[in-house]
Amino acid sequence: MSYGDAMNARAKSGERRAEIVRAALEVIAERGYRGASLAAVAERVGLTQQGLLHYFPTKDALLVAVLEERDQWDAVPDSRWRIDLLASLVEYNAMRPAIIQTFSALLGESVTEGHPARDYFTARYARVRASMAGVLRAEYGDTLPNGLTPERTAPLLVAVMDGLQYQWLLDPESVDMPGAFRDFLTLLGET
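Residues numbered from 1 in each chain as written. Predicted model: local features only at pLDDT ≥ 70, side-chain atom pairs only at ≥ 80, totals over all residues. Heavy atoms only, no water.

1. A few points about the overall build of the protein chain
Broken down by element type, the protein chain carries 9 helices and 0 strands. Along the protein chain, helices (α) and strands (β) appear in the sequence α-α-α-α-α-α-α-α-α when read from the amino end. Counting every position in the protein chain, which comprises 191 residues, the buried fraction comes to 38%. Relative to all contacts within the protein chain whose residues are 6 or more apart in sequence, the contacts with residues 24 or more apart total 62%. Of the roughly 10,600 Å² of accessible surface on the protein chain, 54% is carried by carbon and sulfur atoms. (Helix = DSSP H or I, 4+ residues; strand = E, 2+ residues; numbered from the N terminus. Buried < 20%, exposed > 50% of the residue type's maximum accessible area, 1.4 Å probe, protein only. Contact = heavy atoms within 4.5 Å. Areas by Shrake-Rupley, 256 points an atom, 1.4 Å probe, with all protein chains shown as cover.)

Dropping the structure here:
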C-alpha cells in the first residue's frame, strides 16, 4: 500500500469513527446510555454490530469517544475564561440541544454505582469547579460582593449552568437559558 493510499484509508476511518460518534450521541440522547445499544448505533450508520466493533471494541470505548467529542466542542482555551464568555457558552449550548441532551442523560445516569462515565464526570466536575473559581477570582478577587470566596461560589455557578440545561431541555419555550444565566451573573455582582 502506498503512502497516499494509507493516508486516504486513515482519513476514511476517521470520518467513519466521527459518524459513529455522532450516531451514538443521537442514540444516547434518545435512550440514555443504558438503553442505547451498539446494535442501534451500528444500524444508524449502516454497519453491522461486528463492523462497529472494528472501530469501538466495547460500548464503554464508544462512550469515552462520545464524552471526548463533547469536550472538544466545549474546549476551554488555555487562557482563563471570563464571566462574559461563560454567558456566550450558555448561548452556544442553547443552539445544540442534542449535545446537551446527551450530556445530561449521561450525567444523570453516571451518579449510579458502577456506571462507566462516573469517573469521567467526577474528574470533570473537579476541573470545572477549579476553573470556575479561577474565573470568579479574576473577576472579583478573593471575595465576591456577596462575601463568599470564589471556591465557595464555584459549585453554585456550575449548578446553575447544569440546572438551567435540565430545565431548558424539559421546557425550552418557558426557560430562557441564556437570559436566566445572565440574571444569575447579575446576582453574583450585587453588593
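From this point on, the discussion continues.
2. A short note on the nonpolar core
Leu86, Phe121, Leu157 and Phe181 are the most contacted members of the largest nonpolar core, which has 54 residues in total. If one sorts the elements of this core by residue count, helix H1 (residues 3–35) sits on top with 8 residues. With sequence-adjacent residues up to four places away left out, Phe181 is seen in contact with Leu86, Ala87, Val90, Leu157, Val160, Met161 and Leu164. (Core = buried A, V, L, I, M, F, W, Y, C linked by side-chain atoms within 4.5 Å.)

3. With respect to the packing of aromatic side chains
For the structure on display, the rule yields 2 aromatic pairs. Pairing Phe103 with Phe121 gives two aromatic rings, centres 5.3 Å apart and planes at 65°, and the pair type is edge-to-face. Remark: Phe121 occurs in helix H7 (residues 118–140) and Phe103 occurs in helix H6 (residues 97–110); sequence separation between them is 18 residues. Here Phe103 falls in the buried class, since its relative accessible area comes to 3%. (Phe/Tyr/Trp six-rings, centres within 6.5 Å; stacked < 30°, edge-to-face > 60°.)

4. Brief notes about the environment of Leu164
Note that Leu164 resides in helix H8 (residues 150–170). Sequence separation between Leu164 and Val90 is 74 residues, and the spatial gap between their C-alpha atoms is 9.3 Å. Leu164 has contacts with Val175, Met177, Ala180 and Phe181, leaving out every residue within four places of it along the chain.

5. Things to note about the pattern of salt bridges
A full pass over the atoms with the stated rule returns 8 salt bridges. A salt bridge links Arg44 to Glu26, with the nearest nitrogen and oxygen atoms 3.2 Å apart. Placement of Arg44 in helix H2 (residues 38–44) and of Glu26 in helix H1 is noted, with a sequence separation of 18 residues between them. Owing to a relative accessible area of 36%, Arg44 belongs among the partly exposed residues under this scheme. Using a relative accessible area of 39% as the deciding quantity, one classes Glu26 as partly exposed. (Salt bridge = Lys/Arg side-chain N within 4 Å of Asp/Glu carboxyl O.)

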